[in-house]
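Read off the chains here:
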Amino acid sequence: MFSAVTADGKLIQLAGSYSKEKAAELRKKRWFCPVCKSELDIKLGREKLPHFAHKKSRLCPGESEPESEYHLEGKRQLFLWLKTQGCSVSLEPYLTSAGQRPDLTAESGEERLAFEFQCANLSADSLKSRTAGLKNAGYRPVWIIGAKRLKRLAAQFFRLSAFHWQFFEVHSFSSLLFYCPDARSFYRLNSITPFYTGYSYAGLTAIPLHKANLKDICHPEGRHSVRLPSWGRAVAGFRNKSERFLSEDAGLIRRLFYERHQVAFPFLPSEVFIPVSAGFVFASPVFVWQGHLYLRIAELSKKGAPIRLSGMVHDLRQKIRRKEIRMRYGSQDSLIGMAVKQYADFLCLQDFLREIENEVYMPSSQRKLPQTAEELRRRDLLFFGE
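Overview of the structure.

Turning our eyes to something else, we now look at the packing of aromatic side chains. Going through the model one piece at a time under the given rule, you end up with 33 aromatic pairs. Note on Phe195 and Tyr199: the rings are 6.4 Å apart at their centroids and 85° apart in plane angle, and the pair reads as edge-to-face. Of the two residues, Phe195 and Tyr199, neither departs from the other in class, the shared state being buried. Ring geometry for Tyr196 against Phe238: centres 6.3 Å apart, planes inclined by 40°, an arrangement best described as tilted. One end of the pair, Tyr196, is in strand β13 (residues 185-196); the other, Phe238, is in helix α6 (residues 228-240), with 42 residues separating them in the sequence. The buried category is assigned to Phe238, whose relative accessible area is 0%.

This is the structure in structure tokens:
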């Protein structure tokens, strides 16, 4: 932490560097926590940023977790950046009504913002509790993740864990924001679309700190579309993958396609790999939840029966209740319906389905599943090519 008070109650913040003489002067004084009033140690070494720390035996209600050098430096940079944005900025203020001390607060016009630079692990319950506390105190929370937690696996694919997805929910399923104090840059992930568990497509935007403005960071533009060729390369990677460990839900889809259509797992149809924006609601791989929809569509098509959107949503919910499809965010009926609608719209765009009346579909033609690798490659190219 950078903030402390003197014995006479004067607030001091260590957000800069200090000469040997100034450091020696600071060490002579006694420093106290602005929240719990206990005495603090002052850290003024050459390697680490100047900061205060509680005695090891002391618990403070304003201290949520230990702070690394990376966290301290990021917080310091964000504090200095906010001061350039014309905001009224406070460093580590204790919000009595929330019982919390965010890293930073800023007032811009009528908007009150609370910034948290999160580098350590954080449980979903703690995130929800702290977010609610800040909102109840009259602040809009802005969660910024330490960029050390941003793991790129391919050109536009990233490893996202439950840690990341909880922030995605807090940000209203719009984007994830990261900051790297070493590079002095923000990074935003947009259009986040899961493929496998832990393997998600996303558009990455880098915003150098000296070019960033408050609107870019706190009020980003809407979603961008998925680049289909990049997604298609992930589909090709799936098809070329050798022996693999399968989760229970993926194993079920493999068995159902083989039993009903004699289709081997690497030959799953292109229609079960559609990148839809609401697909993040499912924790199961994209080919699992879409695979169940495809099998249902094929069953109705064989009978010559209409394919109703409401029926597809109902079938999907039943499979969710039977745990044949895993959800990421619990009960999200509106998002499930949105994902299924987006899936049907894409199939109409590809002339696989046609909408005969509102949210009622029929197959455009009786298409056979590809019989060879070359036929499947051409089908993938039709769906995901330039």
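What follows concerns the pairing of strand β16 (residues 353-357). Sheet topology places β16 next to strand β17 (residues 360-363); four bridges connect them, and they run antiparallel. Its bridge partner being in β17, Glu355 is matched across the sheet by Tyr361.

Time to look at the sheet that holds strand β12 (residues 176-180). Strand order in the open sheet formed by nine strands is β6-β7-β8-β9-β12-β13-β14-β11-β10, with mixed pairing between adjacent strands. Edge positions in the sheet fall to β6 (88-91) and β10 (151-154), since each of these pairs with one other strand and no more. The mean angle between the axes of side-by-side strands here comes to 35°, regardless of whether they run parallel or antiparallel. In this sheet, strand β14 (residues 199-208) lies alongside β13 in antiparallel orientation, the contact comprising nine bridges. The partner of Asn190 across the bridge, within β14, is Gly203. Strand contacts of helix α3 (residues 124-136): β8 (111-118) and β9 (140-146), with the helix running at about 140° to β9, the strand carrying the most contacts. Where helix α4 (residues 162-170) meets the sheet, its contacts fall on β8, β9, β11 (157-159), β12, β13 and β14, and the angle it forms with β9 comes to roughly 155°.

Basis of the calculations
Residues numbered from 1 in each chain as written. Predicted model: local features only at pLDDT ≥ 70, side-chain atom pairs only at ≥ 80, totals over all residues. Heavy atoms only, no water. Phe/Tyr/Trp six-rings, centres within 6.5 Å; stacked < 30°, edge-to-face > 60°. Buried < 20%, exposed > 50% of the residue type's maximum accessible area, 1.4 Å probe, protein only. Helix = DSSP H or I, 4+ residues; strand = E, 2+ residues; numbered from the N terminus. Pairing = 2+ DSSP bridges. Axes fitted to C-alpha atoms, helices over the stretch in contact; angles between N-to-C directions. Contact = heavy atoms within 4.5 Å.

Note that all results are geometric; they support no functional claim without further evidence.
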